[in-house]
Amino acid sequence: MPKITFIEHDGAEHTVDAEIGATVMEAALRNGISSIVAECGGGCTCATCLVHVDDAWSPAVGPPSAEEEEMLDSAFEVKPTSRLSCQIKVTEALDGLIVRTPSYQGR
Amino acid sequence: MSEPIKTDVLIIGAGPVGLFAVFELGLLDIKTHLVDILDKVGGQCAELYPEKPIYDIPAIPLITGQGLSEALMQQIKPFNPTFHLGEMVTTIENIGDPLFRITTDRGKVFEAKAVVIAAGGGSFQPKRPPINGIEPYENKSVFYAVRKMETFRDKNLLIVGGGDSALDWTLNLQPIAKRLTLLHRRDDFRGAPDSVNKMRALVAAGAMDLRIGQVTELEGADGQLTAATIKGADGAMTRVETDAMLPFFGLTMKLGPVADWGFELKDELIPVDVSTFETSRPGLFAIGDINTYPGKLKLILSGFHEAALMAQKAHHYVHPSKRLVFQYTTSSTSLQKKLGVS
């Protein structure tokens, strides 16, 4: 199973197993990463599952869709590598992915 | 205080479970009013996933959030409930045995024999931007909603956001403001194209400013803003003089006033009796995602079940002298009359 590392705002690191086909958001919730809120449950409608993808991984993860880009307007401190984790599907190619979570998801 | 609106039951929350409660109460001749902080019915179904399919409503293999809200509105139509949208219930006071006086943030007052809290995850409230030291300015010179446009006449205004709220208020306030600046993180707007065009025309005519970036710092004293520092897309920092800031970053669910209603909450949820869904305060019920009990599942179908059982107990309070006879809509002509099908 691919592994994903979440680095929280305070530096705490959590490496978790992620199922292929699941989303990075789901992997976070299943493993109790509390800095991912995911209020809408993966609908790309709330912008409370923001992650900043590690620079080295950003090309592999790719850019947000137009719908996701619009939703990023409702997030804070958005960077060029920021994504909504509910919109990143876990694949074999993302084994080892590193993402950083913000201190505040809007609530 | 305004004249109270009298009703049998006041339902707090017009999401799917609050709407279905109208149906179950209606079958028992109980009249309802509903209050919801959103400006539309449907709750999370309308606000968070109107287009997304729901697969676990019994006998309906697939329905969208919007579709479910619309179907429920059709189902409860015979009972003619009254909606009070865009309002938040702030207090619930016992004034009888049981009789409640309920007030909203808009100063509306209700008197009801029972209250049903179907508030889901709490109330949808504006997201607050994470700017250091923003608190003292909030509701003094930083506003998340416009209640009175006159407040902003001849002021320097900074509006932040790229959706319809930000654009609509930009267009409405630009004529009366001294100078208006719209700030957004990118030079692309998701609001209605017509509003975007109007805004761009004002910028081209020099009648307002458009800036791309985000606010990093606020300046002022005693809650009165004087300037904001903006970090541009290129990383450059600039300062904008402003008397007020209006950030529009969408909504998020907060527990809100539920916390002050005298329940011993469990993980921000209201414990209830599992046979009646009544809370520790007699006459006050909690159904749907807001309640908790052993084995609770936060499913719409669970909320529907809870609404049906709640109505049985609510009947005791609303019609204490009437005996309640259990009936089926398939066979009872009396129920069919209420539904307008007999």
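In this text the structure is predicted, and so the values were computed from the model without any measurement.

Draft legend 1. Seen up close, the pattern of salt bridges. Tallied over the full model, the rule gives 23 salt bridges over all chains. Arg30 of chain A is the partner of Glu19 of chain A in a salt bridge, and the nearest nitrogen-oxygen pair spans 3.5 Å. Placement of the pair is Glu19 of chain A in the loop between strand S2 (13-17) and helix H1 (24-30) and Arg30 of chain A in helix H1, with a sequence separation of 11 residues. Judged by relative accessible area, Glu19 of chain A falls into the partly exposed class, the value being 45%. Two residues, Arg179 of chain B and Asp209 of chain B, come together in a salt bridge whose shortest N-O distance is 2.9 Å. Here Arg179 of chain B, found in strand S11 (residues 179-184), pairs with Asp209 of chain B, found in strand S12 (residues 209-221); they are 30 residues apart in sequence, far enough to count as distant. Look at the salt bridges and you will find they share partners, linking Glu69 and Asp73 of chain A together with Arg185, Arg186 and Arg190 of chain B into a network.

Draft legend 2. Highlighting the sheet that holds strand S4 (residues 82-84) of chain A. Residue and element names in this part refer to chain A. Here we have 5 strands laid out as an open sheet, ordered S2-S1-S5-S3-S4, and mixed in their pairing. The outermost strands of the open sheet, each flanked by one partner alone, are S2 and S4. The sheet shows a mean angle of 35° between the axes of neighbouring strands, direction not considered. Sheet analysis places strand S3 (residues 50-53) next to S4, joined by 3 bridges and oriented antiparallel. In the sheet register, Leu50 faces S4, and the bridge partner there is Leu84.

Draft legend 3. Representation of the sheet that holds strand S15 (residues 244-247) of chain B within the structure. Residues and elements named next belong to chain B. Spatial strand order, S14-S13-S12-S11-S10-S15: 6 strands in an open sheet with mixed pairing. The open sheet terminates on both sides in strands that have one partner only, identified here as strand S14 (237-241) and S15. Taking each pair of neighbouring strands and ignoring which way they run, the sheet shows an average axis angle of 35°. Examined bridge by bridge, S12 and strand S13 (residues 224-232) share 8 bridges and lie antiparallel to one another.

Draft legend 4. Molecular detail of the state of the cysteines. Throughout the structure, instances matching the rule amount to 0 disulfides over all chains. Cysteine Cys40 of chain A shares no disulfide, and the gap to the nearest cysteine sulfur, in Cys46 of chain A, comes to 3.7 Å. Sulfur of Cys45 of chain B: no disulfide; nearest cysteine sulfur belongs to Cys40 of chain A and is 12 Å away.

Draft legend 5. How the structure looks around the packing of aromatic side chains. Residue and element names in this part refer to chain B. For the coordinates displayed, the defined rule picks out 9 aromatic pairs over all chains. With centroids separated by 5.4 Å and ring planes inclined at 65°, the aromatic side chains of Phe277 and Tyr293 adopt a geometry described as edge-to-face. With Phe277 in the loop between strand S17 (270-271) and strand S18 (284-286) and Tyr293 in the loop between strand S19 (291-292) and helix H6 (300-318), the pair connects residues that are 16 residues apart, well separated along the chain. Residue Tyr293 is classed as buried on the basis of its relative accessible area of 16%. Residues Phe285 and Tyr317 carry aromatic rings whose centres are separated by 6.3 Å and whose planes lie at 65° to one another, so their mutual orientation is edge-to-face. One end of the pair, Phe285, is in strand S18; the other, Tyr317, is in helix H6, and 32 residues separate them in sequence. Here the aromatic residues Phe20, Phe23, Phe79 and Phe304 are joined through ring pairs into a cluster of three or more.

Draft legend 6. A look at the side chain of His319 of chain B. All names here are of chain B. Note that His319 resides in the loop between H6 and helix H7 (333-338). A residue is classified by how much of its surface remains accessible, and His319, at 15% relative accessible area, is buried. Other than its neighbours up to four places away in sequence, His319 contacts Leu28, Asp29 and Ile30.

Draft legend 7. Structural view of the pairing of strand S1 (residues 5-12) of chain B. Residues and elements named next belong to chain B. Taking burial as the measure, the 8 residues of S1 include 6 buried ones, the bulk of the element. Bridging between S1 and strand S8 (residues 109-117) involves 7 bridges; their strand directions are parallel. Note that in S8 the partner of Ile12 across the bridge is Ile117. Bridge count for S1 against strand S2 (residues 32-36) is 4 bridges, and the pairing is parallel. When the bridges of S2 are listed, Leu10 appears paired with His33. Remark: the S1/helix H1 (residues 16-27)/S2 crossover connection has right-handed handedness.

Calculation notes
Residues numbered from 1 in each chain as written. Chains lettered and ligands numbered in written order. Predicted model: local features only at pLDDT ≥ 70, side-chain atom pairs only at ≥ 80, totals over all residues. Heavy atoms only, no water. Salt bridge = Lys/Arg side-chain N within 4 Å of Asp/Glu carboxyl O. Helix = DSSP H or I, 4+ residues; strand = E, 2+ residues; numbered from the N terminus. Buried < 20%, exposed > 50% of the residue type's maximum accessible area, 1.4 Å probe, protein only. Pairing = 2+ DSSP bridges. Axes fitted to C-alpha atoms, helices over the stretch in contact; angles between N-to-C directions. Disulfide = S-S within 2.5 Å. Phe/Tyr/Trp six-rings, centres within 6.5 Å; stacked < 30°, edge-to-face > 60°. Contact = heavy atoms within 4.5 Å. Right-handed = clockwise from strand over helix to strand, strands pointing away.

Purely geometric numbers; function is a separate question.
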